[in-house]
Amino acid sequence: MEIFKYMSKYDYEQLVMCHDESSGLKAIIAIHDTTLGPALGGTRMWTYASEEEAIEDALRLAKGMTYKNAAAGLNLGGGKTVIIGNPREDKNESMFRAFGRYIQGLNGRYITAEDVGTTVQDMDLIHEETDYVTGISPAFGSSGNPSPVTAYGVYRGMKAAAKEGFGSDSLEGKTVAVQGVGNVAYHLCRHLHEEGAHLIVTDINEEAVQKAVEDFGAQAVGINEIYSVDCDIYAPCALGATINDETIPQIKAKVIAGAANNQLKETKHGDILHEKGVVYTPDYVINAGGVINVADELNGYNKDRAMKRVETIYDNVTRVFEIARRDHIPTYKAADRMAEERIESMRQSRSQFLQNGHHILSRR
């Protein structure tokens, strides 16, 4: 992999290699774009097959955060960290303290958070060395468990998608097929049940399914049956890539809106949904409640303010549909365009400001 060539092609700003021999820390911080503000993105710990694979993952995830933060209307850029190691075996206090010192050394250009393989306790250790970390324990002023907030954002986005697909944002009487009933999806089901939606659920965890059946009167189906059920809305809330060549012909829903990341196996599947007239809600727009929530910690966490900001996911999803219609493009492309337009607008604004400042100085 030609790193500088790759960074130049996709406009990356910085790649930081962090090594602390005594603790075993091997981390890569990727900063994609800080046009809108400091880069915010979580720290992932994973057993990568190679250093090159870890670098590629960090770069890919950082770019994704740029788009997610921009689309959410946050004044934050995109970044991501990956730590090479087994999250169940290789963690120690010194590792995360050392990593915190590396973040501190970036002087606010990058702010981290919890991600796959890391925990609130790990963030607390990082916090011992730097303030540029979110998702720490509530005792330190954090927002706590982000799942209910993420779920509320998905619920708001689903209502916007329903309005696009059915002409009304009411979910009363709508049948929603929820794939996966984890922490986020359980809270989403609660919102849907309270509005009067009918729920069909599935999960590999039978206890989670049973809880949804008991609490919300949901109908349980098998893992592979969820795609073909008669429903108005399909809500992928588990693994990614569930929208693919095999499942698309089975899906009967008019609207797709859920919490899972990377729902399209390939971009072509977004094109197919567009051609079929299915209203697809891009995942990084609808599931941005979590990042909106942790971003509020940077101002001293206020739950009411954070929830009010999460409600704007409805407007963001609506804007995606407007751009898709305006430019005659699939919604997954429209989401990217919305993010890119916001970044470019700020870039031009800053450029104009600098030019005007130069002219003022020249006249002096």
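Draft legend 1. Quick look at the pattern of salt bridges. Taken as a whole and assessed by the stated rule, the structure comprises 23 salt bridges. Salt-bridge contacts for Arg325 lead to Glu164; the nearest nitrogen and oxygen are separated by 2.6 Å. With a gap of 161 residues between them, Arg325 in helix H12 (residues 313-327) and Glu164 in helix H5 (residues 147-166) connect regions that are remote in the sequence. For Arg325, a relative accessible area of 46% translates into the label partly exposed. The class for Glu164 is partly exposed, based on a relative accessible area of 33%. Through salt bridges with shared partners, one network takes in Arg319, Glu322, Arg326, Asp327, Arg337 and Glu341.

Draft legend 2. Structural context of the packing of helix H10 (residues 289-296) against helix H11 (residues 303-310). H11 packs onto H10 with a crossing angle of 145° between their chain directions and a minimal axis gap of 9 Å. Crossing hand, H10 versus H11: right-handed. Residue-level inspection shows Gly289, Ile292, Asn293 and Asp296 of H10 in contact with H11, the latter providing Arg305, Ala306, Arg309 and Val310. Grouping the constituent residues of the contact of H10 with H11 by class yields three nonpolar, two polar and three charged.

Draft legend 3. Representation of the nonpolar core in the model. In terms of nonpolar packing, the biggest core is built from 65 residues, with Met158, Val176, Val178, Leu192, Leu199 and Val201 touching the most fellow members. Among the elements that make up this core, the one with the highest residue count is H5 (nine residues). In contact with Leu199, other than residues within four places in its own chain, are Val176, Val178, Cys189, Leu192, His193, Phe216, Ala218 and Gln219. Within the second largest apolar cluster, 20 residues are counted, among which are Cys18, Ile31, Phe99 and Ile103.

Draft legend 4. Fine view of helix H6 (residues 183-195). Along its 13 residues, H6 runs 19 Å from first to last C-alpha, staying within 8% of the 18 Å computed at 1.5 Å per residue. Here H6 has its buried residues at Ala185, Tyr186, His187, Leu188, Cys189, His191, Leu192 and Glu195. Along its buried surface, H6 packs onto H5, strand S7 (175-179), strand S8 (198-202) and helix H7 (206-216). Looking one or two residues past H6, Gly196 carries a phi angle of roughly 100°, positive in sign.

Draft legend 5. Quick peek at the sheet that holds strand S10 (residues 233-236). Strand order in the open sheet formed by six strands is S9-S8-S7-S10-S11-S12, with parallel pairing between adjacent strands. One side of each edge strand has no neighbouring strand; the edge strands of this open sheet are strand S9 (219-220) and strand S12 (279-280). Bridge count between S10 and strand S11 (residues 255-256): two bridges; the pairing is parallel. Each residue of the ladder has a partner; that of Tyr234, found in S11, is Ile256.

Draft legend 6. Expanded view of unusual backbone geometry. A positive phi angle is found at Asn107, which is not glycine, with a value near 55°. Note on placement: Asn107 falls in the loop between helix H3 (93-105) and strand S6 (110-111). You can call Asn107 exposed: its relative accessible area is 62%. Residues other than glycine seldom take positive phi values, yet Ala241 does so here, at roughly 60°. Assessed through its relative accessible area of 29%, Ala241 is described here as partly exposed.

Draft legend 7. How the structure looks around the packing of aromatic side chains. Per the stated rule, a full pass over the model turns up five aromatic pairs. Judged by centre distance (4.9 Å) and plane angle (55°), the rings of Tyr6 and Tyr10 are tilted. Three or more aromatic residues joined by ring pairs make a cluster, and in this case those are Tyr6, Tyr10 and Tyr12. Cation over ring: Lys174 sits above Phe166, and NZ or CZ is 4.9 Å from the ring centre.

Draft legend 8. Layout of the environment of Ala212. Tracing the backbone shows Ala212 in helix H7. You can call Ala212 buried: its relative accessible area is 0%. Placed 169 residues apart in sequence, Ala212 and Thr43 show a C-alpha to C-alpha distance of 31 Å. Ignoring anything within four residues of it in the chain, the contact list for Ala212 reads Val181, Val201, Gly217 and Ala218.

Draft legend 9. Structural context of the packing of H5 against H12. For the pair H5 and H12, interaxial distance at closest approach is 7 Å and the crossing angle is 35°. Remark: the crossing between H5 and H12 carries right-handed chirality. From H5, Gly153, Arg156, Gly157, Lys159, Ala160, Ala161, Lys163 and Glu164 reach across to H12, where they touch Ile313, Tyr314, Val317, Thr318, Phe321 and Arg325. For the contact of H5 with H12, the per-class residue count stands at six nonpolar, three polar and five charged.

Draft legend 10. Representation of the pairing of S8 within the structure. Extensive coverage of S8 is indicated by the burial of four of its five residues. Here five bridges tie S7 to S8, and the two strands are oriented parallel to one another. If you follow Gln179 over to S8, its bridge partner there is Thr202. Examined bridge by bridge, S8 and S9 share two bridges and lie parallel to one another. The partner of Ile200 across the bridge, within S9, is Gln219. Each parallel crossover has a hand, and the one from S8 via H7 to S9 is right-handed.

How each quantity is defined
- Throughout this description, residue numbers start from 1 for each chain and increase along the sequence as written.
- Local features in this predicted model are restricted to residues of pLDDT 70 or higher, and side-chain atom pairs are both shown and tallied only at a pLDDT of 80 or more, whereas totals for entire chains, interfaces and linings draw on every residue.
- Only hydrogens and water are set aside; all other atoms, that is, all heavy atoms of the structure, feed into the side-chain values.
- Each reported salt bridge corresponds to a side-chain nitrogen of Lys or Arg within 4 Å of a carboxyl oxygen of Asp or Glu.
- Strands are runs of DSSP state E lasting at least two residues, helices are runs of H or I lasting at least four, and both sets are numbered from the N terminus onward.
- Classification of residues uses two cut-offs on accessible area relative to the type maximum, computed with a 1.4 Å probe and protein chains only: under 20% is buried, over 50% is exposed, and between them is partly exposed.
- In this description, a line fitted to the C-alpha atoms serves as the axis of each element, helices being fitted only across the stretch in contact, and the angle between N-to-C directions of two axes falls anywhere from 0 to 180 degrees.
- The hand of a helix crossing depends on one turn: near helix anticlockwise from the far one by less than a right angle means left-handed, and clockwise means right-handed.
- Residue contacts are defined here by distance: any two heavy atoms, one from each residue, within 4.5 Å place the two residues in contact.
- Lys, Arg, Asp and Glu make up the charged group, whereas Ala, Val, Leu, Ile, Met, Phe, Trp, Tyr, Cys and Pro make up the nonpolar group; the residues left over, Gly among them, are polar.
- In this text, buried Ala, Val, Leu, Ile, Met, Phe, Trp, Tyr and Cys residues form a nonpolar core when linked through side-chain atoms within 4.5 Å.
- Helices are assigned an expected span. That span is 1.5 Å times one less than the residue count.
- At least two bridges found by DSSP between two strands is the condition for calling them paired.
- Working definition: a ring pair exists when centres of Phe, Tyr or Trp rings (six-membered ring for Trp) sit within 6.5 Å. Plane angles under 30 degrees give stacked, over 60 give edge-to-face, the rest tilted.
- Geometrically, a charge over a ring is one whose NZ (Lys) or CZ (Arg) sits within 6 Å of the ring centre while staying within 35 degrees of the ring normal.
- Here a crossover is taken to be right-handed if, once the strands point away from the viewer, the path from the first strand over the helix to the second is traced clockwise.

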